[in-house]
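This is what each chain is made of:
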Amino acid sequence: MYSTNLHQELLQAIANLSDQQIPLVLQFISSLETPVNNYPTSAKTVLERMGGYPQFLLEGSGDLSDRDVRKKAIADRIQARHQTRTHE
């Protein structure tokens, strides 16, 4: 699997370790033996964790790739939300 030269280098490097370094190297080696699939991974994408696409932007009739249209849609939404909060 690996060349004997690499094994020889590894054995020589291990032989040159101090007594304080050996526990650290053993800890590192044991961390390499942990299967990768045991590490926690998030199944959700960033967009899913944020709650998905903002629906008010998707429901608009304008071309949201245009900055001015997008800016106006966001401003209208903020203004509508502000009005409902102040009238409560």
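About the criteria used
- Residues numbered from 1 in each chain as written.
- Predicted model: local features only at pLDDT ≥ 70, side-chain atom pairs only at ≥ 80, totals over all residues.
- Heavy atoms only, no water.
- Helix = DSSP H or I, 4+ residues; strand = E, 2+ residues; numbered from the N terminus.
- Buried < 20%, exposed > 50% of the residue type's maximum accessible area, 1.4 Å probe, protein only.
- Areas by Shrake-Rupley, 256 points an atom, 1.4 Å probe, with all protein chains shown as cover.
- Salt bridge = Lys/Arg side-chain N within 4 Å of Asp/Glu carboxyl O.
- Patch = residues over 30% accessible without salt bridge, like charges linked within 9 Å, V, L, I, M, F, W, Y side chains within 5 Å.

Caption draft 1: Fine view of the overall build of the chain. Counting secondary structure elements, the chain contains five helices and zero strands. When the elements of the chain are put in sequence order from the N terminus, they spell out α-α-α-α-α. Counting all 88 residues of the chain, 0% fall into the buried class. Accessible area for the chain stands at about 8,400 Å²; split by element, carbon and sulfur atoms hold 57% of it.

Caption draft 2: Layout of the pattern of salt bridges. Counting across every chain of the model gives one salt bridge. Taking the shortest distance from any N to any O, the salt bridge between K72 and D76 comes out at 3.0 Å. Of the two residues, K72 and D76 both sit in helix 5 (residues 67-86), four residues apart, roughly one turn of that helix.

Caption draft 3: Structural view of a nonpolar patch on the surface. Where nonpolar side chains cluster on the molecular surface, the patch consists of L10, L11 and I14 and spans about 280 Å² of accessible area. Turning to its location among the elements, I14 is positioned in helix 1 (residues 4-15). On the basis of relative accessible area, I14 is assigned to the partly exposed category, the value being 36%.

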